[in-house]
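Each chain is listed here by its residues.
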Amino acid sequence: MATACTTVSAGASTCRDGAAATHLKLLAILLIFLTSVVGIASPVALARVFHGKPAYTNLVLLIKCFAAGVILSTSLVHVLPDAFQALADCQVGTRHPWKDFPFSGFVAMMGALVALLVDIVASSHAEHSPYTPVHSDDSPSVAKKTAEIELGSPGHCDGSPADELAKLKQRLVSQVLEIGIIFHSVIIGITLGMSQNKCTIRPLVAALSFHQIFEGMGLGGCIAQAGFNVGTTAYMCMMFAVTTPLGIIMGMVVFYLTGYDDSSPNALILEGLLGSLSSGILIYMALVDLISPDFFHNKLMSSQLWLKKASYVALVLGSASMSVLAIWA
């Protein structure tokens, strides 16, 4: 195993060029920021343009299903395999305790359980929050609006308890999802920022730019459905857009101050553990908070077979779009 590590290291040494790597990383900061803005702003802008129109509810639902596919593919095709690879590296996988236990899968499971705990606590708090109904329970308008809520109509009363709970739930999903994505983006950025391997960085710049577009569309679709005000929406979009570029800058600063080797055992262990945790969070969010509620509990989708088929196609397209990028990064 030691020989294999030495061989890989010797082959990679010809690609280590600090000056060329720095230029590529500066280009990456600009490109990734711009593509992140385009990705996350697109579904938010579309939702606002179509808001109040008959197609609005269907459009947001399709965007959300595409988003779920993107997030699921990100976690299972990109993040988790990278975490397994980092902890299986010959510098780590041959050492105790990393060779004795599947830490990547275990930490991913812990990430899912942490996401579940956050979901339970926040949902419990939301359900016990006091609401003031706009109409009395026996009012005909309330019965009508309740029916609209159950069918997923966009014209339901914004002040009803059921609608407030739904909005709180969707906002919680969007916020926890953004935390998981930002966590993952910081890892990507710092890893890229510390790398001095120009052969690795060059294809990553292009691949990560497309990666940010699709992942941004996923998060943007959830933000659009959550119905945040303009200020909160802008803040969440900006946080996503700047996270990876800031991670790259942080990685560059860390390398400049310490000369820290991104391929060292400690760096690989940190990358593997954080990636596994992030993957577990994203897997839970995609399956439990995004896919399951719409395909099994959304009465609008259940009442329209064509919409269910279209939503499934959107889900598959979202998964496929992110999976194809795994060929390059």
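Going by what an unreviewed UniProt entry lists, the protein chain is known as Zinc transporter 6, chloroplastic and is assigned to Aristolochia fimbriata. Taken directly from UniProt, the Sequence similarities (unreviewed entry) text for the protein chain runs: "Belongs to the ZIP transporter (TC 2.A.5) family." Under the UniProt heading Subcellular location (unreviewed entry), the note attached to the protein chain is "Membrane".

Residues His 96 and Pro 97 are joined by a peptide bond in cis, for which omega reads 5°. Within the secondary structure, Pro 97 sits in the loop between helix H3 (56-88) and helix H4 (103-127).

The next point concerns the UniProt feature "transmembrane region" (unreviewed entry) in the protein chain. As annotated in UniProt, the feature "transmembrane region" (unreviewed entry) corresponds to residues 26-47, 59-81, 101-122, 176-195, 201-223, 235-257, 269-290 and 310-328 in the numbering used here. The span residues 201-223 is 100% helix and 0% strand, and its two end C-alpha atoms sit 31 Å from each other. For residues 310-328, helix accounts for 84% and strand for 0%, while the C-alpha atoms at its two ends are 29 Å apart.

All chains considered together, the criterion is met by 0 disulfides. In this structure Cys 222 is not part of a disulfide, and its nearest cysteine sulfur, from Cys 65, lies 10.0 Å away.

What follows concerns the packing of aromatic side chains. When we look at a pair of aromatic rings, we describe it by the centre distance and by the angle of the planes. This model, assessed by the stated rule, comprises 3 aromatic pairs. Aromatic pair Phe 101 and Phe 103: ring centres 5.2 Å apart, planes at 70°, arrangement edge-to-face. By relative accessible area, Phe 101 is classed as partly exposed at 39%. Residue classification places Phe 103 among the partly exposed residues on the basis of a relative accessible area of 22%. Both rings, one in Phe 101 and one in Phe 106, keep their centres 5.5 Å apart while their planes meet at 75°; by these two values the pair is edge-to-face. Phe 106 sits in the partly exposed class, given a relative accessible area of 36%. By the ring-pair criterion, three or more aromatic residues cluster together here, those being Trp 98, Phe 101, Phe 103 and Phe 106.

Below, the discussion takes up the environment of Thr 191. Tracing the backbone through its elements, the reader meets Thr 191 in helix H6 (residues 161-194). Take Thr 191: its relative accessible area is 26%, and that puts it in the partly exposed class. Separated by 76 residues in sequence, Thr 191 and Ala 267 place their C-alpha atoms 8.8 Å apart.

This next bit is on a nonpolar patch on the surface. A contiguous nonpolar patch, built from Phe 101, Phe 106, Met 109, Met 110, Leu 113, Leu 116 and Ile 120 and spanning about 600 Å² of accessible area, is present on the exposed surface. Tracing the backbone shows Ile 120 in helix H4.

Our next topic: the confidence of the model for the protein chain. Counting all residues, the mean pLDDT for the protein chain is 78, and 81% of those residues have values of 70 or more. By mean pLDDT, the top-scoring element of the protein chain is helix H11 (residues 305-325) (90), and the lowest-scoring one is helix H5 (residues 140-151) (42). This stretch, residues 7-12, has a pLDDT under 50; its non-local contacts, to residues over four places away or in other chains, come to 1 contact. Contacts of residues 131-158 to residues separated by more than four positions or lying in other chains number 36 contacts, the stretch itself having pLDDT below 50.

Right, let's talk about the packing of H3 against helix H9 (residues 265-297) for a bit. Orientation of H3 relative to H9, taken along the N-to-C sense of each, is 155°, at an axis distance of 8 Å. What the angle tells us is that H3 and H9 run roughly antiparallel. Along this stretch, H3 crosses H9, giving a crossing that reads as left-handed. Looking at the contact of H3 with H9 residue by residue, the classes come out as 21 nonpolar, 7 polar and 4 charged.

What counts as what
Residues numbered from 1 in each chain as written. Predicted model: local features only at pLDDT ≥ 70, side-chain atom pairs only at ≥ 80, totals over all residues. Heavy atoms only, no water. UniProt positions renumbered as here; feature names shortened; annotations may be inferred. Helix = DSSP H or I, 4+ residues; strand = E, 2+ residues; numbered from the N terminus. Disulfide = S-S within 2.5 Å. Phe/Tyr/Trp six-rings, centres within 6.5 Å; stacked < 30°, edge-to-face > 60°. Buried < 20%, exposed > 50% of the residue type's maximum accessible area, 1.4 Å probe, protein only. Patch = residues over 30% accessible without salt bridge, like charges linked within 9 Å, V, L, I, M, F, W, Y side chains within 5 Å. Areas by Shrake-Rupley, 256 points an atom, 1.4 Å probe, with all protein chains shown as cover. Salt bridge = Lys/Arg side-chain N within 4 Å of Asp/Glu carboxyl O. pLDDT = per-residue confidence, 0-100. Contact = heavy atoms within 4.5 Å. Axes fitted to C-alpha atoms, helices over the stretch in contact; angles between N-to-C directions. Parallel < 35°, antiparallel > 145°, perpendicular 65-115°, else oblique. Left-handed = near helix turned anticlockwise from the far one by under 90°. Nonpolar A, V, L, I, M, F, W, Y, C, P; charged D, E, K, R; others polar.

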